[in-house]
Amino acid sequence: QVQLVESGGGLVQAGGSLTLSCAASEITFNTYTMGWFRQAPGKEREFVAALRWSGRSTYYADSVKGRFIISRDNAKNTVYLQMNSLKPEDTAVYYCAAGGSYSEGYDYWGQGTQVTVSS
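Draft legend 1. Representation of the overall build of the protein within the structure. Of the regular secondary structure elements, the protein holds 0 helices and 11 strands. Mapped in sequence order, the helices and strands of the protein form the string β-β-β-β-β-β-β-β-β-β-β. What you see for the protein is a C-alpha radius of gyration of 13 Å, in line with the 14 Å of a compact globule of 119 residues. Counting across all 119 residues of the protein, residues that qualify as buried make up 41%. Taking the contacts inside the protein whose residues are at least 6 apart along the sequence as the reference set, 54% of them involve residues at least 24 apart. Summed over all atoms, the accessible surface of the protein reaches about 6300 Å², with 45% contributed by carbon and sulfur.

Here you go:
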């Protein structure tokens, strides 16, 4: 099983920025499509962003498009989510995932990291 560990969550003021990291244990990490999801209290888990192994093809939910940037460093087996212009509605537990396609079908999940945006 691929193990994913998120880090970088915390408390940030609205309008601020935060960058999340996801470190993977799998040596073939660079062959996986990687994604970020989030789940707010009382809501279903929702897709945030994804990118393919090449690091060139990216996909974003409409709610974060233009504000968030997903990237990966295959040499470090790490995926990042740069979050800018944060809003209180971005508050959620953020999960990284591996092995999916666009917003669906991911095989491996991290434990999540809390992001709280204050107004």
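Draft legend 2. Geometry of unusual backbone geometry. Not every positive phi belongs to a glycine, and Asn-77 is a case in point at roughly 50°. Positionally, Asn-77 belongs in the loop between strand S7 (68–73) and strand S8 (78–83). One non-glycine residue, Ser-85, adopts positive backbone phi at about 50°. Among the secondary structure elements, Ser-85 is positioned in the loop between S8 and strand S9 (92–98). Here Ser-85 falls in the partly exposed class, since its relative accessible area comes to 42%.

Draft legend 3. The arrangement of the environment of Ile-69 in detail. Turning to its location among the elements, Ile-69 is positioned in strand S7. When its relative accessible area of 42% is taken as the criterion, Ile-69 is described as partly exposed. In sequence terms Ile-69 and Trp-53 are 16 residues apart; their C-alpha atoms lie 15 Å from each other.

Draft legend 4. Representation of the pairing of strand S5 (residues 46–51) in the model. Burial within S5 is extensive, with 5 of its 6 residues counted as buried. Of the pairings in the sheet, the one linking strand S4 (residues 34–39) to S5 comprises 5 bridges and is antiparallel in character. Note that in S5 the partner of Arg-38 across the bridge is Glu-46. Here S4 hands over to S5 after 6 residues, with Gly-42 in that stretch at a positive phi of 75°.

Draft legend 5. Examining the side chain of Asp-90 more closely. In this fold, Asp-90 is placed in the loop between S8 and S9. By relative accessible area, Asp-90 is classed as buried at 1%. Those residues in contact with Asp-90 that sit more than four places away from it in its chain are Arg-38, Arg-67, Phe-68, Ser-85, Val-115 and Val-117.

Draft legend 6. Main features of the pattern of salt bridges. By the definition in use, this model includes 4 salt bridges. Note that Asp-90 and Arg-38 form a salt bridge whose closest N and O atoms lie 2.9 Å from each other. Taken together, the residues span a long stretch of sequence, with Asp-90 in the loop between S8 and S9 and Arg-38 in strand S4 at a distance of 52 residues. Taking the shortest distance from any N to any O, the salt bridge between Asp-62 and Lys-65 comes out at 3.2 Å. By sharing partners, the salt bridges in this structure join Arg-38, Glu-46, Arg-67 and Asp-90 into a single network.

Conventions and cut-offs
- Residues numbered from 1 in each chain as written.
- Predicted model: local features only at pLDDT ≥ 70, side-chain atom pairs only at ≥ 80, totals over all residues.
- Heavy atoms only, no water.
- Helix = DSSP H or I, 4+ residues; strand = E, 2+ residues; numbered from the N terminus.
- Rg over C-alpha atoms; globule rule 2.2 N^0.38 Å.
- Buried < 20%, exposed > 50% of the residue type's maximum accessible area, 1.4 Å probe, protein only.
- Contact = heavy atoms within 4.5 Å.
- Areas by Shrake-Rupley, 256 points an atom, 1.4 Å probe, with all protein chains shown as cover.
- Pairing = 2+ DSSP bridges.
- Salt bridge = Lys/Arg side-chain N within 4 Å of Asp/Glu carboxyl O.

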